Structures are given as C-alpha cells and as structure tokens.
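Summary of structural features
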Amino acid sequence: MSVESVNANGFARESMTVLDRITESARGEVTRAAELIAACVRSDGVIQAFGTGHSQAIVLELAGRAGGLVPTNRLSIADLVLYGGDAPSVLDDPLLERRAGVAQRLYDLAAPRPQDLFVIISNSGVNNVVVEMALHAREQGHRLLAITSLSHTRAVPAAHPSGKKLADLADVVLDNAAPRGDALLELPGGGAVCALSTLTGVMLVQMAVAEAAALLLASGDRPPVYVSANVPGGFEGNLELEKRYAGRIRRTAS
C-alpha cells in the first residue's frame, strides 16, 4: 500500500472493500449464527455477550441497545466490582485478564441458565480470560458463537494453558476479516494505522440479529426488541419487555 493511501479516503475505500467481501463470504456462517440466536430466544434463553478491551464495543452493539434483542446480557470484567463486591482498585491490575478463575467468577455472577447462548468477541482469540470463559461455557453445556479474526488468531500462539483459542471452542465462528494486529493501513517503514475489527464486528452482529429476526418471524414468533428510550413511550415499553427476563439481564449506565 502506498503512502498516498494512508488518509481518510484510503481507509474508507479499503474498509468498504472488506465489508463488501464479508457480506458475501460470511453468509453461511451468519445464517448458522442466526439459528443459534433464534433458538436461544425461542427457548426463553438470554444471549450472554462477553469481550474485553475494544471488543466491548461489539458487546454493546449486541446487548441492550435500541433495535437490538431484549434478552441480552453484557458480561464485563467490571462486574467483579459492580456485582461481585471487589474493590475498584482490582481493575487497576494490568494482569487481571490473565488471572485464572476470573472468567468463572464472572460466569457465576451472571448465573446463566442452560439455554443461554454465549457470544464471545476477541480479535486475537487468545486472551486468557476469553478462552477461559469459552471453556467454562462449553463445560456448562452452552452453545457458543465466536467473533474473531481468523487471520490474527492463526498467526499467533495460544496463550491459555489448554492450548486452545476461541475459534477452537465455538459452535459457530464469524470471521471479522481484520488483519493480524487489526490495523488496516500500512505505514512506510513498518507499522499500520486504523483498526478494522469494530466496523466488521458491528456488521456481522447486525447481520446475525437481522437474520435471527427473520427466522423468528417466519416461525410466528415476534422478536422482542428494544425501542429507543428517546422516543415517546420507548422507555416504558422497554421496561415491560424486560419483565420477562427479570433478574437475568443487567442494564448499567457504564
């Protein structure tokens, strides 16, 4: 890539090329992901979404937003403080995501039911807490949807003692097509700028949700979806929908 391509137009052009490609290449896996989501909703399950770092942006795209499914729950490292009683200073630990047992604590705090679907997002797919969460979810019998970069995960060694990566454990893998290291535009002399995985992750999530909604409608089930709280009656209507999942979904301002 030439230095002339490292600008706004270059990123727009290159990222749109990738988005166009995955909308075609990922159709089969998106359909399989949608089937998992629709089955979870039909069985009165909750979609448990987890990611760390910038992957949390994709978690927020799935859990608790306008136009999204109501039976969704966001799992976060911060739950150790918000719901687990840990001191806020625990989040200052730069090695927290590598500590054994963190994922199980987060799982226990959420208290998932067997029919709940886990959606785990990690660009590299090798983060210890991410792999630990995936392993624990599978051990507990949950279906697992992963969103990751296959290019990145195949280019780096496993970090978890099991030797497993996120993609190894999932029932369905959605490849976000981000390059190794995530950044899209190569810089002269080495390095790259402008991450891609958020854009492609959002596209894949929304494609899967749209397809799941289509499957639910085709079987006569109305998808339980949020209306924006900033339209008249939206907030009150959302509270009514959430009653069905009382105690199972958490909505925080953070």
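So, a few notes on the structure that sits alongside this text. (Residues numbered from 1 in each chain as written. Predicted model: local features only at pLDDT ≥ 70, side-chain atom pairs only at ≥ 80, totals over all residues. Heavy atoms only, no water.)

What about unusual backbone geometry?
The phi dihedral of D44 falls on the positive side, at around 65 degrees, and the residue is not glycine. Checked against the element boundaries, D44 lands in the loop between helix 2 (27–42) and strand 1 (47–51). One non-glycine residue with positive phi stands out, namely C194, at about 80 degrees. For C194, the position within the fold is in strand 7 (residues 192–195). (Helix = DSSP H or I, 4+ residues; strand = E, 2+ residues; numbered from the N terminus.)

Observations regarding the packing of aromatic side chains
Tallied over the full model, the rule gives one aromatic pair. A ring pair is formed by Y107 and F118, whose centres lie 5.7 Å apart and whose planes are at 20 degrees; its orientation type is stacked. One end of the pair, Y107, is in helix 5 (residues 102–110); the other, F118, is in strand 3 (residues 117–121), and 11 residues separate them in sequence. A cation over an aromatic ring shows up here: R250 above the ring of Y83, its NZ or CZ 4.2 Å from the ring centre. (Phe/Tyr/Trp six-rings, centres within 6.5 Å; stacked < 30°, edge-to-face > 60°. Lys NZ or Arg CZ within 6 Å of the ring centre and 35° of its normal.)

Describing the pairing of strand 1
Within strand 1, five of the five residues are buried, which leaves it mostly tucked inside the rest of the structure. The alternating pattern of strand 1 places I47, A49 and G51 and Q48 and F50 on opposite faces, both of which are buried. Pairing geometry for strand 1 and strand 2 (residues 72–75), over four bridges, is parallel. The residue bridging F50 from the neighbouring strand is L75, located in strand 2. Handedness of the crossover joining strand 1 and strand 2 through helix 3 (residues 56–62): right-handed. As paired strands, strand 1 and strand 3 are joined by five bridges and run parallel to one another. Bridging across to strand 3, I47 finds its partner in L117. (Buried < 20%, exposed > 50% of the residue type's maximum accessible area, 1.4 Å probe, protein only. Pairing = 2+ DSSP bridges. Right-handed = clockwise from strand over helix to strand, strands pointing away.)

Thoughts on helix 9 (residues 197–218)
Counted at 1.5 Å a residue, the expected span for helix 9 with its 22 residues is 32 Å, and the 31 Å between its end C-alpha atoms agrees. Buried within helix 9 are the following residues: S197, T200, G201, L204, V205, M207, A208, V209, A212 and L216. G220, located one to two residues past helix 9, shows a positive phi value of around 85 degrees. (Expected span 1.5 Å × (residues − 1).)

Things to note about the pattern of salt bridges
Inspection of every chain in the model, using the stated rule, returns 15 salt bridges. Two residues, D93 and R99, come together in a salt bridge whose shortest N-O distance is 2.9 Å. Across the salt bridge formed by D171 and R138, the nearest N and O atoms sit 3.6 Å from each other. Remark: R138 occurs in helix 6 (residues 128–139) and D171 occurs in the loop between helix 8 (166–169) and strand 5 (172–175); sequence separation between them is 33 residues. Residue class for R138 comes out partly exposed when judged on its relative accessible area of 35%. Where salt bridges share partners, they join D44, D116, R244 and R248 into one cluster. (Salt bridge = Lys/Arg side-chain N within 4 Å of Asp/Glu carboxyl O.)

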